[in-house]
Every structure is written in C-alpha cells, then in structure tokens.
Amino acid sequence: MSGIITLIGRTNVGKSTLFNSLTNTSNAIVIDEPGYTRDTQQGICSYNNKNFIVVDTAGLYFEENKINETIEINTFETISESDLILFLVDAKDGLVALDKLILEKIRKLNKKIYLVVNKIDKCKTTEEFTELGLKNIFKISAKNKSGVSSLADEISRSFSLPSVDLDNNYPSILIIGKPNVGKSTLSNSIIGKNKQLIEDSPGTTRDCIKIPINKYEKNFNIIDTPGIKRKSKSHKHSEKISYIKTLEFVYYSDLVIVLIDATQSITDQDLTLIKAVMDLGKSSVIAFNKTDIIDEYQRQIIQRDIDIKLKFASYIPIFYISAINSTNIKNIILSSLKIIEHSKLSISTPSLNKIVNEAVDSHQPPLVGKKRIRLRYAHQGGNNPIRIIIHGDMAERLPNGYKRYLTNYIRKKIELSGVALFLELRNK
C-alpha cells in the first residue's frame, strides 16, 4: 500500500478545491473555468496523526467525442501508483454522460473507488448518483469544507502511508534534490566506493536505492532518489510519478538531507522540497554542495538567500559540503544521526508544562472578543516528529503567530535542531 490518493473527474467539478481543503494549502489554483487544471499537483494530507499523499489531476473532458488522450494517459499513469480513487461528480449538474464514461474506464483499473458528490450546498437531492453502483459515497461541499473531515477520516483509517521494512533497525537517511546536484556523488562519498551510477547529466538515477552503511563507528542506511525536475520544464509525466514516489520515501526515512547546488543558490524547486519534508514532519538538514567551485561573491548570495528564503525553516541546520572531495561529509552524517536521536526524545510532562507556562508568562495569548485564550495543560503526544498537545480554553482558536512563538520558545529550551515540532491544540 502506497498511501497515494488520486482525485479524478471531469472538468470543473471541484477537484482542485478539494485538494486544497485536504492538504490545507492553496497550491492548486482554483478558477471557475472548465479545463483550467492541466497538470498534476501533489500534496500531503495529515489527519488523525496519519499522512497520505493526495494527487490532483487535470479534468477529463470530451474532445472530438472522446476523452482527451494526452490527459487520459497522464491521469491513468498516476492512478496506477494509487491505492484509492476519489471520483468527483457535481451535484449541481447532476449525473451526466461523461461521468458514466469516466467511471467505466477507471473501473477497469481494479482500484478502490470512493464516489464524492461535491457542491451539495447547491442542490436538493443526489439520489440519481446511486445508479452508478458505488458503495462508498460521500456528500461534501469542498468550498465550504462541509463533509471533508468525514472523508479524510475514512481515508486515514484505511489508506495512510504504511511503515516499510528496511531489513534492519538502523536509522535511515534520505538524500533528495534536483537532478545533477550531486546526490549519487554524495552517496558514493559516504559509502566509500562506487555502488551508484554517475553521469554528468541530469536524471541519471532512475529509482530509489537503499544502501546499508557502517562508517564513523555507526550503522545507518542511505537512501538515494531520482532527481526531481522543474514541472514547467518537464516533458515526461514519469518525472511527476518520480516526485510522488520520492514523497513516499521521505515518509519512510528518519532524516532527510535536502541537497542544494551551491552554484545555483536556492531555487523554487529546493523550497518546494524543503516544505514537503517539513509538512511530513521529518527531521532534516540542508546541504549546499559544490562549495569547492564557488567564489566569495556566490557565498554572499547564498547567505542572503538563506536569510530571506529559508526564514520559515530556521530550525533546520545548514552544512556546506563538497561531495566529490568528501569535504564536511563526516560532520553532516554524525550531526544527522544525533538529530535522529533527538527526534525520539521523550519530554516529561512537568518539564513541558513549566516551559509552556514560562512562555505564557512572558507573552500572553491574545483575546478572542473580550475573553483571553487560556493554555492550561501540556503533554507530549508522540515523537519523530515531536508532537506537543496543549489543552485550554479556546485553545483551538490560537492564531498562527502565537503558535510560532510557542514553537520557537520550546525549541530554545529543548535541543530540537533539525527536528520537526508540531503543536496540537485542544479545547478544555
């Protein structure tokens, strides 16, 4: 089971709106115009402490009395990697011929299908959709988020990302990055011999590879992945499938090294990868590779970009390395293994409450109307990532700014460099 959920349906039925609602983002552009989405979007849905990958696909539509073949091929290739299909229909439009045609095609793929009747706020009845013969039917309004939590709850119970057997109990370090940033070179430098195929061209590595290592008197696994290309320059849908698979390996790993090409500084692709790692709650470090061939001016550019572009990820340690010369490799590996240990930290409830109380005394939560939000009790809800559960009066209405303040305050008191920290707020 891969934990991948794919949204399927004709154009303008609300797939992108549902995608944004499930992933709690605005990554999928929503425009009230049929056929606007032309590419796949991938995101992470976290629900009930479980994660699954959500893929939004382009709408299927008629072109010369048949479904557009290019979109169909790409969409069905995505489905081949999925556990579950969310088949969206429009309650306002009612059941149309294209809905029946799409269902006929996806049924042949032998995948689990949930029928999602969207826009129920704009119609009185949805009985006509029962003739499709699907047992699992969910009635929602993606725009208003009505019924979405029930859908996410059902998905998380059966289709969340599974644990994976890596043949040993050693910590696993994943290396990700764009093509040709030096991932395989870094793997070889750590391994000490050429087990990987290296060519000076983007996209040489075609699949994820796990390699057990014994080095620096430590046992661990290294996972190397295919490079991820910029979507706008990608001509092969298989590269998007590669990105989805990489998200799976992020989930399976204990720590992720996000490798960045120092000669290019920080690109949008790098930021997308870092954000995906953070959303999945994985411990991580950032490594700028090829620092042996940059000059002082380029170093200044990198530092400027770190200060501006990576402000949102300030807790993630940064290393400057040269994979080809093995510069600073020992430091990054030993630091990564130490971060993995910290990610499994258990914080005593009295200590945690003392820290939260100190934070509240230093800076009170805001008012909601005439009443102040009260944070009364905190305890740890899990580790790797560290989850802190805070109970209080109107705790769930705590604004994001104060959540960031609490998170940063806890980090100052506890050594959590590189470790993801999630706050879960519950009303008393």
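Everything here concerns the structure above.
The rules we used
Residues numbered from 1 in each chain as written. Predicted model: local features only at pLDDT ≥ 70, side-chain atom pairs only at ≥ 80, totals over all residues. Heavy atoms only, no water. Axes fitted to C-alpha atoms, helices over the stretch in contact; angles between N-to-C directions. Helix = DSSP H or I, 4+ residues; strand = E, 2+ residues; numbered from the N terminus. Parallel < 35°, antiparallel > 145°, perpendicular 65-115°, else oblique. Left-handed = near helix turned anticlockwise from the far one by under 90°. Contact = heavy atoms within 4.5 Å. Buried < 20%, exposed > 50% of the residue type's maximum accessible area, 1.4 Å probe, protein only. Pairing = 2+ DSSP bridges. Lys, Arg positive; Asp, Glu negative; His and termini not counted. Salt bridge = Lys/Arg side-chain N within 4 Å of Asp/Glu carboxyl O.

### Structural notes on the packing of helix 1 (residues 15-23) against helix 4 (residues 148-159)
Point 1. In the contact formed by helix 1 and helix 4, the axes pass within 11 Å of each other and the chain directions differ by 70 degrees. On the basis of their axis angle, the class for helix 1 and helix 4 is roughly perpendicular. Pair helix 1 / helix 4 crosses with right-handed handedness. Of helix 4, the residues touching helix 1 (which contributes L18, S21 and L22) are V148, L151 and A152.

### A few points about the environment of G3
Point 1. Along the polypeptide, G3 turns up in the segment before strand 1 (4-8).
Point 2. Each C-alpha atom of the pair G3 and V54 lies 8.6 Å from the other, and the pair is 51 residues apart in sequence.

### Overview of the pairing of strand 16 (residues 386-393)
Point 1. Summarising burial for strand 16: six of the eight residues are buried, a large majority.
Point 2. Pairing analysis gives seven bridges linking strand 15 (residues 374-382) to strand 16, with the strands arranged antiparallel. From the neighbouring strand, R374 faces strand 16, where its bridge partner is D393.
Point 3. Between strand 15 and strand 16, which follow one another and run antiparallel, lie three residues, and N384 among them has a positive phi close to 50 degrees.
Point 4. Here strand 16 runs beside strand 17 (residues 421-427); their pairing, made up of seven bridges, is parallel. Paired with G392 across the bridge in strand 17 is N427.

### A closer look at the pairing of strand 10 (residues 255-261)
Point 1. Strand 10 sits mainly inside the fold: seven of its seven residues count as buried.
Point 2. On strand 10, burial covers both faces: L255, I257, L259 and D261 on one face and V256, V258 and I260 on the other are all buried.

### Details of the side chain of R411
Point 1. In this structure, R411 sits in helix 11 (residues 400-413).
Point 2. Buried charge without a partner: R411 forms no salt bridge, and the closest opposite charge is E415, 7.7 Å away.
Point 3. When near neighbours in sequence (up to four residues on either side) are disregarded, R411 contacts Y315, L416, V419, A420 and L421.

### Some remarks on the sheet that holds strand 16
Point 1. Pairing within the open sheet is mixed, and its three strands lie in the order 15-16-17. Looking at the sheet topology across the chains shown, the edges are occupied by strand 15 and strand 17. On average, each strand axis in the sheet is inclined to that of its neighbour by 25 degrees, with strand direction left out of account.
Point 2. Where helix 11 meets the sheet, its contacts fall on strand 15, strand 16 and strand 17, and the angle it forms with strand 17 comes to roughly 125 degrees.

Function cannot be inferred from these measures alone, as they are strictly geometric.
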